Every structure is written in C-alpha cells, then in structure tokens.
Amino acid sequence: MGGRDLITANSLQSQNAQMTSQIQNMTTMLQKQQDSITANQNDIQQLQNLSNQNSWRLAEVNYLIQSANITLQYKKDIPTAIQLLQAANHQLTHALMTDDVVALQKMLKAKINELQNAPKIDTVTLYIRIQKLIDNADTLTLSKLKFPKKPLTEKTLKNIPAWKAALLKSWDKIRSVLIIQRHKAKVVLPFDDQQKLLFVMNIKMLLTQAQWAALQQESTIFETSISQAILLLDRYAFQLNNTQQMIKELRALKKISLNRDVPTMTDLLMTLQKTTTANT
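Conventions used here
Residues numbered from 1 in each chain as written. Predicted model: local features only at pLDDT ≥ 70, side-chain atom pairs only at ≥ 80, totals over all residues. Heavy atoms only, no water. Helix = DSSP H or I, 4+ residues; strand = E, 2+ residues; numbered from the N terminus. Contact = heavy atoms within 4.5 Å. Areas by Shrake-Rupley, 256 points an atom, 1.4 Å probe, with all protein chains shown as cover. Axes fitted to C-alpha atoms, helices over the stretch in contact; angles between N-to-C directions. Parallel < 35°, antiparallel > 145°, perpendicular 65-115°, else oblique. Left-handed = near helix turned anticlockwise from the far one by under 90°. Nonpolar A, V, L, I, M, F, W, Y, C, P; charged D, E, K, R; others polar. Expected span 1.5 Å × (residues − 1). Buried < 20%, exposed > 50% of the residue type's maximum accessible area, 1.4 Å probe, protein only. Arc of directions from axis to C-beta. pLDDT = per-residue confidence, 0-100. Salt bridge = Lys/Arg side-chain N within 4 Å of Asp/Glu carboxyl O. Core = buried A, V, L, I, M, F, W, Y, C linked by side-chain atoms within 4.5 Å.

1. Structural notes on the overall build of the protein
Then step 1. The helix and strand inventory of the protein stands at ten helices and zero strands.
Then step 2. Sequence-ordered secondary structure for the protein, helices as α and strands as β, is α-α-α-α-α-α-α-α-α-α.
Then step 3. Within the protein, contacts between residues at least 6 apart in sequence are counted, and of these 74% link residues at least 24 apart.
Then step 4. Of the roughly 19,800 Å² of accessible surface on the protein, a fraction of 56% belongs to carbon and sulfur atoms.

2. Quick word on the packing of helix α4 (residues 123–136) against helix α9 (residues 241–254)
Two quantities define a packed helix pair, namely the angle between the axes and the distance from one axis to the other.
Then step 1. Relative to each other, α4 and α9 sit at 155°, their axes nearing to 11 Å. The angle between α4 and α9 falls in the class roughly antiparallel. Note on packing geometry: the crossing formed by α4 with α9 is left-handed. Along the contact surface, α4 presents Leu126, Arg129, Ile130, Leu133 and Asn136, while α9 presents Met246, Glu249, Leu250, Ala252 and Leu253.
Then step 2. Residue classes in the contact of α4 with α9 are distributed as seven nonpolar, one polar and two charged.

3. Examining the side chain of Gln211
Then step 1. Its location among the elements puts Gln211 in helix α7 (residues 193–216).
Then step 2. Apart from residues lying up to four places away in sequence, Gln211 is in contact with Tyr127, Ile130, Gln131 and Ile134.

4. Things to note about helix α3 (residues 99–116)
Then step 1. The end-to-end C-alpha distance of α3, which contains 18 residues, comes to 26 Å, matching closely the 26 Å that a straight helix rising 1.5 Å per residue would cover.
Then step 2. The complete set of buried residues in α3 reads Val101, Leu104, Gln105, Leu108, Lys111, Ile112 and Leu115. Down the axis of α3, the sector holding all buried residues measures 125°, keeping them to one side. Facing away from the buried side of α3 by more than 90 degrees, the exposed set consists of Asp99 and Lys106.

5. Considerations on the confidence of the model for the protein
Then step 1. Overall, the predicted model of the protein reaches an average pLDDT of 77, with 74% of residues at or above 70.
Then step 2. The weakest mean pLDDT in the protein belongs to helix α5 (residues 154–157) at 63; the strongest belongs to α4 at 91.

6. As for the packing of α3 against helix α10 (residues 266–278)
Then step 1. It is the contact of α3 with α10, at a shortest axis distance of 9 Å, that shows an interaxial angle of 160°. Here α10 runs roughly antiparallel to α3, going by the angle between their axes. Regarding α3 and α10, the two cross each other, and that crossing is left-handed. Residue-level contacts link Asp100, Val101, Leu104, Met107, Leu108 and Lys111 of α3 to Asp267, Leu268, Thr271, Leu272, Thr275 and Ala278 of α10.
Then step 2. Class assignment for the residues of the contact of α3 with α10 results in seven nonpolar, two polar and three charged.

7. Some remarks on the pattern of salt bridges
Then step 1. A complete count under the given rule lists four salt bridges for this structure.
Then step 2. The residue Glu114 makes a salt bridge to Lys111 at a minimum N-O spacing of 3.1 Å. Here Lys111 and Glu114 lie together in helix α3, a separation of three residues that amounts to about one turn.
Then step 3. On the basis of relative accessible area, Lys111 is assigned to the buried category, the value being 4%.
Then step 4. Three or more residues joined by partner-sharing salt bridges are found here, namely Lys111, Glu114 and Asp267.

8. A closer look at the environment of Gln86
Then step 1. Along the chain, Gln86 falls in helix α2 (residues 78–92).
Then step 2. For the pair formed by Gln86 and Ile112, sequence separation is 26 residues and the distance between their alpha carbons is 7.2 Å.
Then step 3. Aside from chain neighbours lying at most four places away, what touches Gln86 is Ile112 and Gln116.

9. Brief notes about the nonpolar core
Then step 1. Grouped together as the largest cluster of nonpolar side chains are 29 residues, with contacts concentrated most on Phe199, Leu207, Phe222, Leu233 and Leu250.
Then step 2. Broken down by secondary-structure element, the contributors of at least two residues to this core are α4, α7, α8 (219–236) and α9.
Then step 3. Sorting elements by how many residues they give to this core places α7 first, with eight residues.
Then step 4. In this structure, Leu58, Leu85, Ile112 and Leu272 belong to the second largest nonpolar core, which totals 23 residues.

Written out as structure tokens, the structure reads:
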C-alpha cells in the first residue's frame, strides 16, 4: 500500500508540474498575443494619423498647383508659377508615398523643368532702352510760337498818306488775330514754352507707361503707348536727327511681341484630381 501511494503521489506531482508548465506557456503566449494586438493597434493609429496628414498635405498641394495654374494662364507670370509648384513639390516629399502620389510628384517635377526652360523676354534690356528715350525727350526740337510784330504806332503812320495809314491799321488788326502762312511741306504746330513742357511730359508719360507694360508683359498697353508716342512725335516735332532716331527706336520697340505661349498644366491638373480622389 505504501508503495502504491508513493507512485500515485509521484504521478500527481508530475502531472501538476506539466500543468504548471502548460499554464506558464499559455500565459506567455497570451502575453505575446496581447503585445501583438497592442502593436497592431499602434500601427493602425499611425496609419490613420499618416492618412489624415496625407489628406491635409494633398489639400495644400492642390491649392498650390491651382494657384500656379491661375498665375500662369491669366498673369503669364512664369517665375511665380515655378515658386508655387516648387512649394507643392516640397509638400509632396513629406507625404505618404502611394503610387498616385509618386506619379503626381514625377509629373510635377517635369512641369517645373518645362517652365524653367520656357523662352523668356528680356524685360530688363527693354526697360533700359525705353529709359534712354525718356532721358532724351528733353532734347526734342519743337516749333516755337512766333508772335506777330508789334502794332503800328502813330509815329510810324505820321509821314504816310491817310488812305495807306488806314489800310495798314486795318491789316495790323487782322494780323493780330489771324496768322496766314503758306507751306509746301507738312506744317508743325508752334508751341510756347509751357506747351512744349506739357508735350515733353506727355511723351515721357507714354514711355513710362510702356515701361510698366513691358515689365508686366501687357502687350496691348505696351503697343498702344508706343504707337501714341510715335503719333505725337510724327505730328508735332520737327523731323530732325534726334526726332527721327527716337521714332526709329520706338518703331523697333513696337515690333517686340510681349505675347508668348506659356505651357499648359492640363495634364498635371488631371493627375492631381485623380490623386486627390484616391486619397480622400
């Protein structure tokens, strides 16, 4: 009996040890599962945060690209459009790189490169050329107003016949209000000093307006200002060397076209729309 009880006790101890080991293993497995669940929850939370951040970044990218498109198509301001697109590209570098985002960034970089290599108008040289004309406007030769001779005096009329004196008096009165001249060539209207000053100021104003239009690439205003300056010079200034040189330069400037075809952004906008839709 004693031997049997001993065997039974040993068997129970062995079973108890096995059960204890199994419980410990199960506890370890449960702890690992719990750690895995916690890690997965953290990963899910991080993905949600990244998704939210991605939505915000894509919204900002959308705003920057749309602004660049408006600047390019309506203002034809390529440098500002490039800056806006570069800012959009900077935002994309911090976004979640899905396939759509990678494709958008690739097209965005290509568009920036296209704009950087677009033909440019040398507005600085154009500005300087017009400024030289403004500086030379004061040297224009204009027709000065010649006033009629002084009226006849009684001393002048004393030694001539009465009929001739009466005739000269009548002619002198007519001459004081009416000047009759005969010209074979085109008549240049005479200016007094104040009128000459106003004329030169008007020429300078038109040329300054052309300068502004050149910097803003407003072709219509540029051409209109140059044309009006040419018209005034051709009509009122003597066609001497300085005037002819100014008109020649103005006509050369007028031939410069400020109109240029800027690259379109249709393909980039379509890709942007697809990327925004896929990530919202």
